[in-house]
Amino acid sequence: MRERRNYLLLMGLILAAVIGAGFLAIPGSPAYKKPTLGLDLQGGLEIILKAVPQPGQTITPQQMQTAQQIMVNRVDKLGVASPNVALQGSDEIVIQLAGVHDLAEAAKVVGSTGQLQFFDFEKDLADPTVNANGVPTPYPRLYTLLKAVEKDTKKGKPQAYYLFGAKTHYTTTTVNGKKKVAKTVKKNAVLAGPFPKRSQLIADVGGKQPPDTTILGVPANTEAVSGPAAGAPVKSSANGVYWYLFKYYPDKPDGPPELTGSDLNEGNIQAGFDNFGQPQVQLGFTDHGAKEFQAITKAEWERGKFVSGLAGDTSGTVNQAYAQHNAIVLDNKLQSTPYIDYTDESLRDGIVGGQAVINHMQSTTASKNLALVLQSGSLPYSFHRLAESEVTATLGKSSLHEAILAAIAGLVIVALFLLALYRFLGLVAVIGLAIYGLLYYAAILIFNVTLTLPGFAGLILTIGVAADANVVVFERIKEEVRAGKSVRSAISAGYGKGFHTILDANVVTVITAMVIFLIAVADVKGFALMLLIGTMISLLTAVAATRALLGLLSGFRWFDNPRFMGAHGQQTAKWMQIDFMKRRNTWFALSGAIIAAGVVALGVSGLNLGIDFTGGTQITFTTPKAYPQSTISELMAKQGRADAYVQGKKPLPNGDARQWQIRFRDLDQKKQAALQSSLENQVGAHILGAKSVSGTFGHQIAIDAIYGIIVSLLLITIYITIRFDLKFAIPVILAMLHDIAITVGVYALVGKEVSVATVAAVLTVLGYSIYDTIIIFDRIRENTPLMRRSPFATIVNVSLWETVRRSLATTLITLLPIICLEVLGGATLKDFAFALIVGVTSGAYSSFFFAAPILTIWKEREPEYARRRETVTADAGTAALLESEEALAAEPTPGLVDGILPTPAEAQARRDKRSQRRRSRPHGRTR
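Residues numbered from 1 in each chain as written. Predicted model: local features only at pLDDT ≥ 70, side-chain atom pairs only at ≥ 80, totals over all residues. Heavy atoms only, no water.

Caption draft 1: Highlighting the pattern of salt bridges. Summed over the entire model, instances satisfying the criterion amount to 15 salt bridges. Its salt-bridge partner being Glu-345, residue Lys-305 comes within 3.5 Å of it at the nearest N-O pair. Here Lys-305 is found in helix H9 (residues 287-310), whereas its partner Glu-345 is found in the loop between strand E16 (339-340) and strand E17 (355-358), with 40 residues between them in sequence. Ionic pairing is found between Glu-860 and Arg-584, a salt bridge with its closest N-O pair at 3.4 Å. Here Glu-860 is found in the loop between helix H23 (827-859) and helix H24 (863-870), whereas its partner Arg-584 is found in helix H15 (residues 584-604), with 276 residues between them in sequence. Assessed through its relative accessible area of 9%, Glu-860 is described here as buried. Taken together, the salt bridges that share partners define one network made up of Asp-725, Lys-727, Lys-859 and Glu-862. (Salt bridge = Lys/Arg side-chain N within 4 Å of Asp/Glu carboxyl O. Helix = DSSP H or I, 4+ residues; strand = E, 2+ residues; numbered from the N terminus. Buried < 20%, exposed > 50% of the residue type's maximum accessible area, 1.4 Å probe, protein only.)

Caption draft 2: Expanded view of the packing of helix H17 (residues 629-638) against helix H18 (residues 669-683). For the pair H17 and H18, the least separation of the axes is 11 Å and the interaxial angle reads 135°. For the element pair H17 / H18, the angle class is oblique. Note that H17 runs across H18; the crossing there is right-handed. On H18, the residues touching Ile-632, Leu-635 and Met-636 of H17 are Leu-675, Ser-678, Leu-679, Gln-682 and Val-683. Of the residues that constitute the contact of H17 with H18, the class distribution is six nonpolar, two polar and no charged. (Axes fitted to C-alpha atoms, helices over the stretch in contact; angles between N-to-C directions. Parallel < 35°, antiparallel > 145°, perpendicular 65-115°, else oblique. Left-handed = near helix turned anticlockwise from the far one by under 90°. Contact = heavy atoms within 4.5 Å. Nonpolar A, V, L, I, M, F, W, Y, C, P; charged D, E, K, R; others polar.)

Caption draft 3: Quick look at the environment of Leu-49. With respect to the element layout, Leu-49 can be found in strand E2 (residues 44-52). The exposure class assigned to Leu-49 is buried, which follows from its relative accessible area of 2%. Linking Leu-49 and Val-110, residues 61 residues apart in sequence, is a C-alpha distance of 9.7 Å.

Caption draft 4: Structural context of H18. With 15 residues, H18 should cover 21 Å at 1.5 Å per step; its first-to-last C-alpha distance of 21 Å lies within 8% of that length. Every buried residue of H18 is listed here: Gln-672, Leu-675, Gln-676, Ser-678, Leu-679 and Val-683. When H18 is viewed along its axis, its buried side chains cluster within an angular range of 155° and face the same direction. Exposed side of H18, more than 90 degrees from the buried face: Gln-669, Lys-670 and Asn-681 are the residues found there. In the stretch just after H18, Gly-684 is the one whose phi turns positive, near 65°. (Expected span 1.5 Å × (residues − 1). Arc of directions from axis to C-beta.)

Caption draft 5: Here's a closer look at the sheet that holds strand E6 (residues 160-175). Spatially, the three strands line up as an open sheet ordered E7-E6-E8, and their pairing is antiparallel. The sheet is open, and its two borders are formed by strand E7 (178-195) and strand E8 (214-218), each paired with just one other strand. Taken pair by pair, the neighbouring strands of this sheet meet at an average axis angle of 35°, ignoring direction. (Pairing = 2+ DSSP bridges.)

Caption draft 6: Structural context of the environment of Tyr-747. Positionally, Tyr-747 belongs in helix H20 (residues 726-750). When the C-alpha atoms of Tyr-747 and Gly-606 are compared, they prove to be 9.4 Å apart, with 141 residues separating the residues in sequence. Contact partners of Tyr-747, with chain neighbours within four places excluded, come to Leu-607, Lys-752, Glu-753, Val-754, Thr-758, Asp-831, Phe-834 and Ala-835.

Caption draft 7: Examining the packing of aromatic side chains more closely. Enumeration according to the criterion identifies 20 aromatic pairs in this entry. When the centroid spacing of 5.7 Å and the interplanar angle of 55° are considered together, the rings of Phe-580 and Phe-848 count as tilted. Of this pair, Phe-580 sits in the loop between helix H14 (522-553) and H15 while Phe-848 is found in helix H23, placing the two residues 268 residues apart along the sequence. Taking relative accessible area as the criterion, Phe-580 reaches 4% and is therefore assigned buried. For the pair Phe-728 and Phe-777, a centre-to-centre distance of 5.5 Å together with 85° between the ring planes defines the contact as edge-to-face. A residue pair is termed long-range when its members are at least 10 positions apart, and Phe-728 in helix H20 and Phe-777 in helix H21 (residues 756-786) qualify at 49 residues. (Phe/Tyr/Trp six-rings, centres within 6.5 Å; stacked < 30°, edge-to-face > 60°.)

Remember that the coordinates give geometry; whether it matters functionally is a separate question.
Now the structure itself:
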């Protein structure tokens, strides 16, 4: 009774969670949330940044690649999934963002140069922004400041140039329900700059100085910095922003600036709060930076002490009029001016320890963004924003609809398959999958996961994982029922024995997902997050939801019927009881032949790398009327460029566009001219230009993914060694490498294009292969103590017979949604599905025909198993070995039933029954 109450309570909690998930998913409900789609599914914002080198700098491909990687890291830390960050031409970077709520803030963070400088504030200020007494005298406007030093600017080569002119601002106010727009014209506002060269400034404004504008320079060896008021401003500022001139000698060892961002330890930078709960950024210096910072603060302490002494200050407290300050400047903006307490004797030798703080931050978001910029490092160049516009999805709405349709069709087919195979248990599994689906979708909404095509790979894999957790338990339940237990007892025993198997398999999958998520970025991180969430929820639904449901139903008499759940008859058909281990050389030869063919194909033709890796050409054009993206994509497919990325710019509300950009792999001039001619003839395209673009899936991202795989393999090896044995761990790793090698080899053989989606598919193979192998190895571990006299090959064969139905069922369940994707999806989705089909099939194969034989070979070298093998004739066969095992047991073997050998569990159950009958007889011997 108590157990039934627990099940009712558990089902009540699950029902409450499902209802809550429904409120999140149902449009119109108060808690309804829309899912965030990635750039490949919904489009987003495109920002084009142009590199602006400093005097003496030259733009190099290596430095531009460095800038690209820094921007990828920043975007990733902003929480943007599936961003596109590509080099365009020789000095431009194109960034496409999706799922960002504050686009302006994101663009600002990504494009921030991140040049951090530390100045000795009062000492390093230049005239006229400091008076004779060392008091700062900032100007309220940059124009008036540069006008005041215009004569000094002519004495040397200006440090930078600004363009000034009239700027119009529009403000909207609502009065009595009516909107009013007010126009304000600000004279001599900054229109462009700073640029290190006058020619760069002119080029930025169209190649010609606009009328009624003024160009002013910053004097040589100075730097114009904006920030809050300090000291005694020349005049009050309307917006609270003031301008300073700092002395600037970056080539001198002692500056100024005295310290730069290169003196920071990026690992010791973090956003936090001060003692009053105000946001701040904590900084840590390198060893060299710590020494310099100590020297600067020591000098400021001594100067503050001297100035206060001259003034006759004996109060014993800090007076801001005498205190000396640091100036922390980021990208020409004064972030903070912390002072040194000259009355604190502990600071006589300066600040020791290499720690500094940027305080007076405007908000928590501002402090986090500043920490992000500093953590990711300084960009090698300043970047000027050339353009900003909305773009459509790279896959288009049609691909999204196809993916959704395929997912629904796959789930329906999986449900029908489970019903056909497990009867009423299948219905319970379908209910469990429905609960899993709702909770999974709710988790995606709650954690604001950005859905991308690689994320669908994680989703498809977790459908198989979620269904398999039920399959493992149900097969266990059916074994127990066949062994003679009641349905109620079989359910309890099935979950008891199946839980450890499910736990091991899911823990290994979670390890893989977590490591890849923590190390990798962009699309790979999105895949790992979807896999992690799905695995955790599938474990909950299999262990809790279906267990509670079966526990409640098991109390009814009508439920206690083996046929009702498909548990009548034998578990393993006779044709499945082949001697797997005897034929292991055949399996190895088959795998070796496929891998060898793949290696040859890789050596001859290599992989067909797509534009995500190799880069290519981008054509931009306009059309006289708006077209849907599908029209342009179909046109490209007819030209043999189905792999091209087609995006509309500045789309209309219905998604159609007149401005387009198409990225594809490089073509020779003849083919590119033919493509442009086709666009002109078919849709009236007006070609605006063509530029080379780099791959969006950067080299470093691929390396991060590889590192993630290596680290996860090491952790998995440790876990399996603890839970099983080191000899169990190595075959798992080798099987995974076998599956990746086959998948890559098949891609090389058929010449299919390798894209970011392919990488996600290969990671899916990694997860599935490990999961399936662990399930089989868990059964081998369980049978080993039950078959105490059998050779290891016999133990493995029996374990494979007992798990072959589960493996076939799980493989089919995983493949069914993928096959739907292959049948119903477009070109991109078909390529994606192809990689998954190859990988999942290889994963199922390797568990039986590669990992298990390798484990057998290693274990048979152990003295105990070598001795067992010698006691049986070489040609005895598995059936004879099993009969020998049973004959040596305490009771005679139950023998064959209908020509099929019993499993160890069935044999043990029969022996238990005979023991019970003996115990029930009268004492003494009957003659």
